[in-house]
Amino acid sequence: RIIGEQPLVTAAGFWAVTAALASTAVGAAVFVGRRPRFPIPVVATPVILGVHAWCLLVDSRPSVRIACTAAMYVVWLVAAANELFRERQPGLLVSSRFTGGVMLAYAAVVVVRSAIMAAGDGSTAMFARELPQVIAFLGTIFWVVSFTFGVVLMINQQIGRAHV
């Protein structure tokens, strides 16, 4: 276990991340005009949450919890990207594919980071000067800027299309 770590706080953070990822996928489905249906994420989420809870309470290896986090990102970001890739409105094709691609790229960054952390015995401290933490911070900056740009572009194109 990480020194000073409280399992309930860690679990609450993971639940919040899961809710945010699920909301992103639901938002993507609603944006493209489809009813949100995510059979694989809905089945995978309780399993991943259960494994994460087990690791918090019984198995103290941070690498397994990091793998759970990566799995949750992959499950929900791939579902959201899949919704955006199904967009067929001519005015939204480029922006929806860009935003979906950003989602897949960030999911890949999270997987690479967790693989590096699982393979190594480096620090799991938040501000450690090690490659996995640098990847996490740079990847998150990339995600926030690119995703925000993509969403603003999609909204702008959708509004522009509605006024034509």
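All of these numbers come straight from a predicted model, not from anything done at the bench. (Residues numbered from 1 in each chain as written. Predicted model: local features only at pLDDT ≥ 70, side-chain atom pairs only at ≥ 80, totals over all residues. Heavy atoms only, no water.)

## Structural notes on the overall build of the protein chain
Next, step 1: Within the protein chain one finds 5 helices and 0 strands.
Next, step 2: Counting from the amino terminus, helix and strand elements in the protein chain follow one another as α-α-α-α-α.
Next, step 3: Within the span of the protein chain, comprising 164 residues, buried residues form 35% of the whole.
Next, step 4: If you take every contact in the protein chain between residues at least 6 apart in sequence, the share linking residues at least 24 apart comes to 68%.
Next, step 5: Side-chain charges in the protein chain split into 12 positive and 6 negative, and the spacing between the mean points of these groups amounts to 12 Å. (Helix = DSSP H or I, 4+ residues; strand = E, 2+ residues; numbered from the N terminus. Buried < 20%, exposed > 50% of the residue type's maximum accessible area, 1.4 Å probe, protein only. Contact = heavy atoms within 4.5 Å. Lys, Arg positive; Asp, Glu negative; His and termini not counted. Charge placed at Lys NZ, Arg CZ, Asp CG, Glu CD.)

## As for helix 4 (residues 93-119)
At 3.6 residues per turn, the α-helix brings residues three or four places apart onto the same side.
Next, step 1: Over its 27 residues, helix 4 runs 39 Å from end to end, which matches the ideal 39 Å to within 8%, given 1.5 Å per residue.
Next, step 2: Buried within helix 4 are the following residues: S95, S96, T99, G100, V102, M103, Y106, A107, V110, S114 and M117.
Next, step 3: In the core, the buried residues of helix 4 are packed alongside helix 1 (7-31), helix 3 (62-85) and helix 5 (131-162). (Expected span 1.5 Å × (residues − 1).)

## Structural notes on the nonpolar core
Next, step 1: In this structure, I48, W76, L77 and M103 are the most contacted members of the largest nonpolar core, which totals 30 residues.
Next, step 2: Listed by contribution, the elements that provide at least two residues to this core are helix 1, helix 2 (39-57), helix 3, helix 4 and helix 5.
Next, step 3: Broken down by element, this core gets its largest block of residues, 11 residues, from helix 3. (Core = buried A, V, L, I, M, F, W, Y, C linked by side-chain atoms within 4.5 Å.)

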